[in-house]
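This is what each chain is made of:
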Amino acid sequence: MRIAILGCGKLGSRLAAKLSEAGHQIVVMDRNPEALKQLGSNFKGETLAGAVFIEANIERVFQEKVDIFIAATDKDNVNIMFAQWIRNRFKVPRVIPRVYDPIVARSYRDVGLETVCPTDMAFEAIQSMIKE
Amino acid sequence: MYAIIVGAGKVGYYLTKLLLSQGHEVMLIENDRAKFASLANELGDSVLLGDGSTMETLKEAGANRADVIVAVTGHDEDNLVACQLAKMLFIRPRTIARVNNPVNEDVFSGLGIDVTVSATKLLNAIIQEQVKAEDMVIPLLSLRGGDVEIMEIEISSSSPVANKMIKDLPLPKGSLFVSILRGDEVLVPRGDMEIHEDDQVIVLVKKVHAAVLRQILIGQKTKNHQV
């Protein structure tokens, strides 16, 4: 599959590396070129540094069909905005934004974004730990 | 009317003051603690500290009974989420979002925002000379449905309405003076108020009457204006 990832922080870079290893075609985008260095020299996917929303850049990435778009910047609202934009404009079938706010995550899940909420996950995990 | 305004930058702040002066109920939401503190001195109960793009803050601001939510922060994504959440969770308010980056207008359209206002688009229109420089008529926004426009018009010395009182103007049916910007002041229009040269008047007008209104406020001018 061809997977585009926005945000090359701890989550984005790790997903990129792992998914690329597993054989998927990966494109990683981050407005800060320094962040892309986390991918290491062995990374076999494409990268895009700089403002994502510049027409030429975004066209280049999504020209070829993208199966999954993952929004993993550190800002909920940026992830939500890009997930919707990319889905609507480029008809990407699956968009996965990371959203820390549980209520916001749940609200957008109801409208078709496959939100992932680290706060909810941590909540479940810690609860289980305490139950033991 | 009860309006919630998200983002206490210049636009949010002046909009709040204007609405309050017109007797409306307003809640201005600002996330920055320092900014909030200084605003609280002036605006008291009309300002709330919080993130307008979260349910908790919108609920605290009484979004369920708001007529309109205006998101005018400097970050498009925050404006988008504030409006979308309000629509999803509180249903009732109409949503108005400011778009700073013109690229994002594309994003906002079709995402459930009732009105999108793009300052950059306006300036671009001026630069592109879609607005004739000597007329200085700036379409501020088209309301949903396209039936009504809000225009900003600069009154020149040769305007037929300079030094006339608002109540004496033959305005087309359904037009309304929203405000007059005179220097640093934002004036609430009254019938007995005179319009001065260099005033920037903001007028609500039905699209069908827009051309007539331009005539009334600008008159026949054909002089060339070098930009």
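Thresholds applied
Numbering of residues starts from 1 in each chain and follows the order in which that chain's sequence is written. Each chain gets a letter, beginning with A, and each ligand a number, beginning with 1, in the order they are written. Thresholds applied to this predicted model are a pLDDT of at least 70 for local features of residues and 80 or more for the giving and counting of side-chain atom pairs; totals over whole chains, interfaces and linings are not thresholded and use all residues. Only DSSP runs of H or I reaching four residues or more are called helices, and only runs of E reaching two or more are called strands; each is numbered from the N terminus. In this treatment the radius of gyration is a C-alpha quantity, and the globule benchmark scales as 2.2 Å times the residue count to the 0.38 power. Buried residues are those with 20 or more other C-beta atoms within 10 Å of their own C-beta, exposed residues have 12 or fewer, and partly exposed residues lie in between; C-beta atoms are placed from the backbone. For the purpose of contact definition, each residue receives a C-beta atom placed from its backbone, and two residues are in contact when these atoms lie within 7 Å. Take the buried Ala, Val, Leu, Ile, Met, Phe, Trp, Tyr and Cys residues, join any whose C-beta atoms are within 7 Å, and the set you get is a nonpolar core. Think of it as three bins: nonpolar holds Ala, Val, Leu, Ile, Met, Phe, Trp, Tyr, Cys and Pro, charged holds Asp, Glu, Lys and Arg, and polar takes everything else, Gly as well. Any two strands with at least two DSSP-identified bridges between them are counted as paired. Axes, fitted as lines to C-alpha atoms, cover a helix only where it is in contact. Angles between the N-to-C directions of the axes lie from 0 to 180 degrees. Confidence of the predictor in every single residue is expressed as pLDDT, which spans 0 to 100.

A.B. asks: What am I meant to see in the overall build of chain A here?
C.D. replies: A tally of helices and strands in chain A yields six helices and five strands. Reading chain A from its N terminus to its C terminus gives the helix and strand order β-α-β-α-β-α-β-α-β-α-α. Relative to the 2.2 N^0.38 estimate, which gives 14 Å for 132 residues, the radius of gyration of chain A is 15 Å and therefore close to what a compact globule would have. Structurally, chain A occupies a C-alpha span of about 50 × 35 × 25 Å along its principal axes. For chain A, with 132 residues in total, the buried portion stands at 36%. Long-range pairs, those at least 24 residues apart, make up 42% of the contacts in chain A between residues at least 6 apart in sequence.

A.B. asks: Would you mind going over the overall build of chain B with me for this structure?
C.D. replies: Across its full length, chain B carries seven helices and eleven strands. Counting across all 227 residues of chain B, residues that qualify as buried make up 33%. Pairs at least 24 apart in sequence give 58% of the contacts found in chain B among residues at least 6 apart.

A.B. asks: Explain the nonpolar core to me, please; I cannot follow it from the model alone.
C.D. replies: For soluble globular proteins, the rule of thumb is that nonpolar side chains tend to be buried together. One finds Ile5 of chain A together with Ile4, Ile5 and Ile69 of chain B to be the most contacted residues of the largest nonpolar core, which totals 73 residues. Leaving out residues up to four positions away in the same chain, Ile5 of chain B has contacts with Gly12, Leu15, Thr16, Val26, Leu28, Ile29, Val70 and Val72 of chain B. Listed in part, the 13 residues of the second largest apolar core include Ile153, Phe177, Ile195 and Ile218 of chain B.

A.B. asks: So what exactly am I meant to see when it comes to the interface of chain B and chain A here?
C.D. replies: It is common to give the size of an interface as the accessible area that goes away when the parts come together. Of the residues lining the interface, 16 residues belong to chain B; the matching set on chain A comes to 13 residues. Elements supplying a minimum of two residues to the side of chain B that touches chain A: α4 (76-90) and α5 (103-108) of chain B. Per element, the largest residue contribution to the side of chain B that touches chain A is eight residues, and it comes from α4 of chain B. Tallied by class, the residues present in the side of chain B that touches chain A amount to nine nonpolar, four polar and three charged.

A.B. asks: How should unusual backbone geometry be read in this particular structure?
C.D. replies: Working note: non-glycine residues mostly have negative phi, and peptide bonds are mostly trans. A positive phi angle is found at Lys91 of chain A, which is not glycine, with a value near 55 degrees. Inspection of the secondary structure assignment puts Lys91 of chain A in the loop between α4 (76-90) and β5 (94-97). By C-beta crowding, Lys91 of chain A is classed as exposed, having 10 other C-beta atoms within 10 Å. For Asn163 of chain B, which is not glycine, the phi dihedral falls at a positive 70 degrees. As for its placement among the helices and strands, Asn163 of chain B is situated in the loop between β8 (148-154) and β9 (176-182). Judged by the 11 C-beta atoms lying within 10 Å of it, Asn163 of chain B is exposed.

A.B. asks: How should the sheet that holds strand β4 (residues 68-71) of chain A be read in this particular structure?
C.D. replies: The strands making up a sheet associate through hydrogen bonds between their backbones, and the pairing can be parallel or antiparallel. Residues and elements named next belong to chain A. One open sheet holds the five strands; their spatial order is β3-β2-β1-β4-β5, and the pairing between them is parallel. Edge positions in the sheet fall to β3 (46-49) and β5, since each of these pairs with one other strand and no more. For this sheet, the mean inter-axis angle between neighbouring strands, taken without regard to orientation, is 15 degrees. Sheet analysis places strand β1 (residues 2-6) next to β4, joined by four bridges and oriented parallel. Bridging across to β4, Ile3 finds its partner in Ile68. Across the sheet, helix α1 (residues 10-21) touches β1, β2 (25-30) and β4, and the angle it forms with β2 is around 165 degrees.

A.B. asks: Just to check I follow, could you spell out the confidence of the model for chain B for this structure?
C.D. replies: Where the model shows low pLDDT, its predicted coordinates should not be examined in detail. Residue and element names in this part refer to chain B. Summarising the model, chain B shows a mean pLDDT of 84, and 86% of its residues fall at 70 or more. Across residues 130-134 the pLDDT falls below 50, and counting only partners more than four positions away or on other chains, this stretch makes ten contacts in the model. In this model, residues 222-227 is a region of pLDDT below 50 whose contacts with residues beyond four sequence positions or in other chains number four contacts. Two summary scores accompany this predicted model of the complex, namely pTM at 0.72 and ipTM at 0.91.

A.B. asks: Whenever I open this one, the pairing of strand β11 (residues 200-206) of chain B confuses me. Can you help?
C.D. replies: Side-chain positions along a regular strand alternate between the two faces of the sheet. Residue and element names in this part refer to chain B. Of the two faces of β11, only the one carrying Val201, Val203 and Val205 is buried; Gln200, Ile202, Leu204 and Lys206 on the other face are not. As judged from the seven bridges shared by β8 and β11, these two strands associate in the antiparallel manner. Following the sheet pairing, Ile150 is matched in β11 by Leu204.

A.B. asks: What should I look at first to understand the environment of Ser175 of chain B in this one?
C.D. replies: Residues and elements named next belong to chain B. With respect to the helices and strands, the residue Ser175 is situated in the loop between β8 and β9. You can call Ser175 partly exposed: it has 19 C-beta atoms within 10 Å. Sequence separation between Ser175 and His209 is 34 residues, and the spatial gap between their C-alpha atoms is 8.3 Å.

A.B. asks: Would you mind showing me how to read the sheet that holds strand β4 (residues 68-71) of chain B here?
C.D. replies: Residue and element names in this part refer to chain B. With respect to topology, six strands assemble into an open sheet ordered β3-β2-β1-β4-β5-β6, the strand pairing being parallel. At either end of the open sheet lies a strand with only one pairing partner, and these are β3 (47-49) and β6 (115-118). Neighbour-to-neighbour, the strand axes of the sheet open up by a mean angle of 20 degrees, direction not taken into account. Relative to β6, strand β5 (residues 94-99) runs parallel, the two being bridged by four bridges. Looking at the pairing, Arg98 lines up with Val117 of β6. Of the strands in this sheet, β1 (2-6), β2 (25-30), β4 and β5 touch helix α1 (residues 10-21), which is tilted by about 165 degrees from β2. In this fold α4 packs onto β1, β4 and β5, with an angle of close to 170 degrees to the strand it touches most, β5.

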